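Below, each chain spelled out in residue letters.
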Amino acid sequence: MTAATMSATPEEAEDGLSAPDSRARSWRQVIRLGLIGGVVGLFLCLVGIVPTFDPRALVAGLISLGETALVGLGLTVGYLAATRAPGGQPQALAGAALAGVLTGALLSLLVVLGSVLDLRAVAIFASPATYAILTFKLGTAGAWIPTVEMAILGALGGGVALLPGRLRRAVIASLVGLVVIGLFASLIRTPLRTNPVSDAIGRFLFAQEGLTLPGAVVTVIAVVAWQLLRPASRVRRRLAALPEQRRRTLTVPALILGILFVLWLPQGVGNFFAFVVATVTLYVLMGFGLNITLGLAGLLDLGFVAFFAVGAYTVGLLTAPGEFGIAHWSFWAAVPVAIILAMLFGAFLGLPILGIRGDYLAIATLGFGEIIRQLAGSDLLKGLLGGPRGITSVPKPIEVPPDSFLAGPLQIYYIALVCAVIVAFIAIRLRDSRIGRAWVAIREDEDVAEALGINLVQTKLLAYMLGAAFAGLGGALFVGLQGAIISSSINLFVSINVAAIIIVGGMGSIPGVVVGSIFLIGIPELFREFSEYRFLFYGVALMAMMIYRPGGLLPSTIAKRELHVPDAVEPGDPSAVPAAAVQA
Amino acid sequence: MADSPLVVAQGVTKRFGGLIAVNKLDFTLEQGAIASVIGPNGAGKTTFFNCIAGFYKIDDGEITFDGQSIKALRRDQISRLGIGRTYQNIRLFANMTAMENLLVGQHQNLHASWIGAVIGLGSVRREEKLAHDEARRLLRYIGLQGRGDTLASNLPYGDQRRLEVARALAAKPRLLLLDEPTAGMNPAEQGQMTDFVRRLRDELGITILLIEHAMRVVMGISEKITVLDHGEKIAEGPPEVIQSDPRVIEAYLGRGSTSDPAPSPRPALAAADAAPPPSGG
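Chemist: Hey, could you go over the environment of Phe55(B) for me, with residue numbers and the actual values?
Modeler: Structurally, Phe55(B) can be placed in the loop between helix H1 (45–52) and strand S4 (60–65). Expressed as a C-alpha distance, the spacing of Phe55(B) and Leu73(B), which sit 18 residues apart in the sequence, is 9.9 Å. In this view, Phe55(B) contacts Asp447(A), Asn50(B) and Arg75(B); residues no more than four positions away in its chain are not counted.

Shown next, in the form of structure tokens:
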């Protein structure tokens, strides 16, 4: 979609002379947009996103999540079509409606076809339930409904596109805000339950699922007001106007507030949320670890789960009281052993394979991860590791009475938080040291790095072992969080998740790891109803990242510079020519 | 030891499959000398460099540096003995700053362990500070003061060349191998680079071996020139002798005019200054 528009826009400008030509092209684009929208709509229906999300209400009694997907599609298609359509406002609106009609027509076609043929043999979601959503429960008789519905939505979307700038932004923001608040409704409501007044507010704004109608109205008003008044940018401008000294004194309380918020966060929002936050923190910690191996030294290690497993099983074996427990140690005595074992394991696996470069290293480490996974669940080690049933009833790190606030996942959250801060500290110190520079040099050019006296094996092995150690720590805490280690927890997705966190967050960037974990671990964990489509969204998010933000969400300074167009070499500078040639 | 040669190569042979890139080469380099290796494209000059620096393992023969055999050593071990190098195609760490490049260059002279770095020992901090001072001193030495935070790939070409030399200097080498240090430079820049290289020897006492195509540079700077063709040494001696050696002229102009119908891309000795340097070699 975007590629087409980007290539077409300059053409249009060039073809200013032949107006009918460019007009025809614009209409063609509108048609294409409508058809693409239709295909996306079919996709949403046939992979089951629309029917699966349908039971979940966004605004109670008004609109479900499945319908939201379709409405969003119609509005987006209309909006985009209106910006492409030629001529004045009427044409733009007509274009938007036309694109909507095309999108809807494909959906109508699905309903009609579905009544004649049994499409379920191909796509199990081509069911009457799906058609009922598309046709407001009319079934085949309402096959015309999607077309009309999408035409109206397209026109509405086009109308939004024609609004003046500020208003347009306000409308878009309020729609997005509605969806976000609706999705997070139960989360926001939980802390409100603590006292009767806030509970009453909560009941007014939120239904059992999603927002209430008044809640939706309040949300829209709040977002629009925010957009129009822009308090955030005002505060920022105010801050920028302050003298340096004052600003610095303000950062300290802001920092303290931030820390208090992070500490309070899982406590206020309930046990499930605490579990999610603890998991996110665990991944942050492991992300920091892999950031050394992958982000700094550039070693694409996809066998991270192997060391995670070593840490997890070590703690399980050393602390569990049951049949597999071998030592009955306390958690705290077991963790250092787990870290050291994981590190030794890293050395053991790393030594033979660190001579392998780039992609091949990824495959080799992937293989190791799989070997460990198979071993963990195998009959061979069943007597030792418990096979698929694993080692259960691992004691919590801190034994507290069951009614204490530390009884749940919260204590792991706090422990993981402290560990993550320590790991981040270690990572930053190393990054700024001789060792960190050697890692980056190896990432940049291994041969040259070695010719400058850097021992490749030693240096790479250190990166690998440190990554392994932090993976082991992650595994140990994971056992503390789950209270058990079962072989199905040891899977490839642990490795892939951690690697994806770093790629999405930004290679080598410490804040990037935090943001990446929240996006890739926290959000999917929160929306369990999406679990079927977790990896679909994952894939879409990764592709979008690679296209629009190849450096990650919060790229490190080096990555930022990498992507920055060099400006020091002037185009007119004669010496620039051989430089470019030499580097190419 | 001052009188014994720094580098002695005997019968060095390097084959790539059926191709003999360097054939039974004997070569000596005196302490504190500035010497050049020249020859037409594909003569085996860079291969010979790569053999000394440990990028290639030699198939036959022996190379000693300061009396010690280096043919079985890894690149990092060779670097630690005191051999630094630059590359025909600049190979800076493009996504590191000039400063960081120079800090990596000092790697082998720094001693901080990873645990020391994590704890932030006083000795590690002092060492880091000295390393930064040294890097700034090197930046000044190559005229890049104040440009330390510039990304290496964003520096102008000539500065990149000099930065690469400085990165090699940061390791405090006794022998510096410069692979076409003036490639792609105009005559004025070539002159500056020649002066710079001479200063390295005169002020820092570094022995220098270079591969060079620009004849004016070669003739102006070298105390000894070794000419390679097809992996074999065809002449050796001071510039005056090399300039008039018939075999050298033949190697550069082509053997007779019968076997080579296309005009040779190899620059003739006289024309070499003006012509852009051919790549490869």
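Okay, back to it.
Chemist: Quick one: what's the story with the interface of chain A and chain B, residue by residue and with numbers?
Modeler: Contacts between the two partners involve 35 residues from chain A and, on the opposite side, 38 residues from chain B. Elements that contribute at least two residues to the side of chain A that touches chain B include exactly helix H19 (410–431), helix H20 (434–444), helix H21 (446–451), helix H26 (557–563) and helix H27 (576–583) of chain A. Looking at which element gives the most residues to the side of chain A that touches chain B, the answer is H20(A), with seven residues. For the side of chain A that touches chain B, the class distribution of residues is 19 nonpolar, five polar and 11 charged.

Chemist: Can you tell me about the packing of helix H8 (residues 165–183) of chain A against helix H11 (residues 213–229) of chain A, naming the residues and giving the values?
Modeler: Residues and elements named next belong to chain A. The geometry of H8 relative to H11 is characterised by a closest axis approach of 8 Å and an angle of 135° between their N-to-C directions. Classified by the angle between their axes, H8 and H11 sit oblique to one another. In this structure, the crossing between H8 and H11 has a hand that is right-handed. The segment H8 lies against H11, with Arg169, Ala170, Ala173, Ser174, Gly177, Leu178 and Ile181 engaging Ala216, Thr219, Val220, Val223, Val224, Gln227 and Leu228.

Chemist: Can you lay out the sheet that holds strand S9 (residues 224–229) of chain B for me, pointing to particular residues and giving the numbers?
Modeler: Within a sheet, adjacent strands bond to each other through the backbone by hydrogen bonds, running parallel or antiparallel. Residue and element names in this part refer to chain B. Taken together, six strands build an open sheet; the order of strands is S6-S7-S8-S3-S9-S10 and the sheet is mixed. Bordering the open sheet on either side are strand S6 (83–85) and strand S10 (232–237), each of which pairs with just one other strand. Strand-to-strand twist of the sheet, defined as the mean angle between neighbouring strand axes without regard to direction, takes the value 20°. Of the pairings in the sheet, the one linking S6 to strand S7 (residues 175–179) comprises three bridges and is parallel in character. Paired with Ile83 across the two strands is Leu175, which belongs to S7. Lying on the sheet, H1 is in contact with strand S3 (34–38), S6, S7, strand S8 (207–211) and S9; it crosses S7 at an angle near 150°. The strands that helix H7 (residues 187–204) touches are S3, S7 and S8; relative to S8, the one it contacts most, it runs at about 155°.

Chemist: An account of the pairing of S10(B) is requested, with residue identities and associated values reported.
Modeler: Residue and element names in this part refer to chain B. Across five bridges, the pairing between S9 and S10 is antiparallel. When the bridges of S10 are listed, Leu228 appears paired with Lys233. Where S9 folds back on S10, the antiparallel hairpin that results is connected by two residues, among which His230 adopts a positive phi of roughly 50°.

Procedures and definitions
- Residues numbered from 1 in each chain as written.
- Chains lettered and ligands numbered in written order.
- Predicted model: local features only at pLDDT ≥ 70, side-chain atom pairs only at ≥ 80, totals over all residues.
- Helix = DSSP H or I, 4+ residues; strand = E, 2+ residues; numbered from the N terminus.
- Contact = placed C-beta atoms within 7 Å.
- Nonpolar A, V, L, I, M, F, W, Y, C, P; charged D, E, K, R; others polar.
- Axes fitted to C-alpha atoms, helices over the stretch in contact; angles between N-to-C directions.
- Parallel < 35°, antiparallel > 145°, perpendicular 65-115°, else oblique.
- Left-handed = near helix turned anticlockwise from the far one by under 90°.
- Pairing = 2+ DSSP bridges.

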